[in-house]
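# What the coordinates show
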Amino acid sequence: MRVDQFNFELPEDRIALRPAQPRDSARMLIVRPSAPFADLTVRDLPGLLRPGDALVLNDTRVIPAALEGIRDRDSVTARVAFNLTKRVDGQTWRAFARPGKRLAVGDTVRFGAAGALTSRVTAKLDGGEVELAFDISAADLDAALAAVGTTPLPPYIALKRKTDASDVATYQTVYARVPGAVAAPTAGLHMTDALLAAIADTGVSRHFVTLHVGAGTFLPVKADDTRDHVMHSEWCEVSAETAAALNRVKASGGRIVTVGTTALRVLESATTPDGVVQPFAGETAIFITPGYRFRAVDVLMTNFHLPRSTLFMLVSAFAGHGTMRGAYAHAITSGYRFYSYGDASLLFRVQT
């Protein structure tokens with residue numbers, strides 16, 4: 001499909017720079033096939049689910065992936081900012097650099113007070129991305145990054161305000177457990193312990209999968225045709241226990257409800273064409289566009305996404321392209337807040 005079919009105009013004031021407080025007070029647009037849109041709140045979610053449904057959440061934990069460094073080349077220094085994007089191995093990360101033109105392969109970059117953490121630029125990649133090989137590895141590197149890094153807010157927030165102490169908590173789900181994400185699974189930011197308890201009280205089971213969200217997930221697509229876009233891969237996992245539980249839910253007539261597109265992408269990567277969820281651990285680069293036949297997921301809770309993004313393509317595949325264009329137009333005129341700290345939508349899959 002042409003990528004411009006997924007474009008839309010979004011007023012600047014619709015981009016949320018802070019989350020709703022409390023988390024579950026955010027608005028939520030209900031999108032059902034062939035039904036009028038309904039304007040509710042995230043707190044209404046328990047009443048929209050049924051006993052026997054399964055709620056699936058992504059338990060990845062965002063690491064402090066935003067770094068400020070000093071490049072040192074022949075005793076000439078320059079400040080460079082980085083956002084880590086993907087771990088290559090125990091010692092090496094890919095990162096977006098700003099400004100990337102200040103870097104060359106072989107440069108040394110130091111981070112933290114007195115250059116406590118040191119790296120070397122080992123490659124320059126497309127789109128301002130570089131590879132950094134650090135002087136320590138594994139758990140030692142993780143601890144050092146936690147000491148010198150800050151919360152990696154998306155650029156549409158970070159360019160408009162400074163990251164502050166509140167972001168450490170608000171840009172993390174309440175159930176985050178497995179460190180490795182460089183961006184939050186944002187639909188999950190609306191969840192509270194009280195809301196999860198209320199959902200459990202309705203007879204809905206809770207299950208966790210892991211996908212370490214990479215920055216590439218949220219980027220607009222630059223190709224003119226979806227067939228020419230190459231997805232960034234992300235590491236994910238579905239345990240044998242979770243796969244078996246979800247298959248039991250499906251067999252008994254329950255629905256699989258994912259909180260976020262990341263949880264959906266994990267399950268669709270792990271499910272066979274005939275609908276059996278299997279244990280899975282590895283990289284996924286699944287790219288879902290209209291025409292895709294969903295294998296596992298019946299209901300999707302998600303935020304409002306960027307124009308021309310792979311995520312707007314995904315929701316268009318899930319609920320119908322025309323339906324989602326209408327839903328986004330309704331959201332814009334009705335004052336919904338967009339993107340990572342914005343409001344939510346609850347989408348019921350169109351039958352194909």
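Our structure is the block above this text.
Residues numbered from 1 in each chain as written. Predicted model: local features only at pLDDT ≥ 70, side-chain atom pairs only at ≥ 80, totals over all residues. Heavy atoms only, no water.

A pair of packed helices is characterised by two quantities: the angle between their axes and the separation of those axes. Helix 9 (residues 321-333) packs onto helix 8 (residues 310-319) with a crossing angle of 120 degrees between their chain directions and a minimal axis gap of 7 Å. If you check the angle between helix 8 and helix 9, you find them oblique. Considering the relative orientation of helix 8 and helix 9, their crossing is right-handed. Across from Phe-312, Val-315, Ser-316 and Ala-319 in helix 8, the residues of helix 9 making contact are His-321, Thr-323, Met-324, Arg-325 and Tyr-328. (Axes fitted to C-alpha atoms, helices over the stretch in contact; angles between N-to-C directions. Helix = DSSP H or I, 4+ residues; strand = E, 2+ residues; numbered from the N terminus. Parallel < 35°, antiparallel > 145°, perpendicular 65-115°, else oblique. Left-handed = near helix turned anticlockwise from the far one by under 90°. Contact = heavy atoms within 4.5 Å.)

This part is about the environment of Ala-54. On the secondary structure map, Ala-54 appears in strand 3 (residues 54-58). Judged by relative accessible area, which is 0%, Ala-54 ranks as buried. For Ala-54, the residues in contact, after removing those within four places along its chain, are Val-204, Ser-205, His-207, Leu-246, Val-249, Arg-255, Ile-256 and Val-257. (Buried < 20%, exposed > 50% of the residue type's maximum accessible area, 1.4 Å probe, protein only.)

What follows covers the pattern of salt bridges. Counting across every chain of the model gives 16 salt bridges. The salt bridge involving Asp-4 is made with Arg-2; its shortest N-O contact spans 3.0 Å. The exposure class of Asp-4 is partly exposed, given its relative accessible area of 43%. On the accessibility criterion, Arg-2 (48% relative accessible area) is partly exposed. Asp-142 is the partner of Arg-87 in a salt bridge, and the nearest nitrogen-oxygen pair spans 2.8 Å. In this pair, Arg-87 is assigned in strand 6 (residues 76-87) and Asp-142 in helix 2 (residues 138-148), connecting sequence segments 55 residues apart. Asp-142 sits in the partly exposed class, given a relative accessible area of 38%. Within this structure, Arg-18, Arg-161, Asp-164 and Asp-167 form a network of salt bridges that share partners. (Salt bridge = Lys/Arg side-chain N within 4 Å of Asp/Glu carboxyl O.)

A separate point is unusual backbone geometry. With an omega dihedral of -5 degrees, the bond running from Gln-21 to Pro-22 counts as a cis peptide bond. Turning to its location among the elements, Pro-22 is positioned in the segment before strand 1 (27-31). Residue Pro-99 is reached from Arg-98 by a cis peptide bond, and omega for that bond is -10 degrees. In this structure, Pro-99 sits in the loop between strand 7 (92-98) and strand 8 (108-111).

To continue, consider the packing of aromatic side chains. In this structure the tally under the stated criterion is 17 aromatic pairs. With 4.7 Å between their ring centres and 55 degrees between their planes, Tyr-156 and Tyr-339 make a pair best called tilted. Note that Tyr-156 is positioned in helix 3 (residues 155-158) and Tyr-339 in the loop between helix 9 and strand 17 (344-348), a separation of 183 residues in sequence. The class of Tyr-156 is buried, set by a relative accessible area of 15%. For Tyr-339, a relative accessible area of 8% translates into the label buried. With a centroid separation of 5.6 Å and an interplanar angle of 85 degrees, the aromatic rings of Tyr-328 and Phe-338 are classed as edge-to-face. Pair noted here: Tyr-328 is in helix 9 and Phe-338 is in the loop between helix 9 and strand 17, with a separation of ten residues, a long-range link. We note that Tyr-328, like Phe-338, is buried. Three or more aromatic residues joined by ring pairs form one cluster here, namely Phe-6, Phe-8, Tyr-156, Phe-304, Phe-312, Tyr-328, Tyr-336, Phe-338 and Tyr-339. Directly above the ring of Phe-348 sits Arg-32, whose terminal nitrogen or CZ lies 4.0 Å from the centroid. (Phe/Tyr/Trp six-rings, centres within 6.5 Å; stacked < 30°, edge-to-face > 60°. Lys NZ or Arg CZ within 6 Å of the ring centre and 35° of its normal.)

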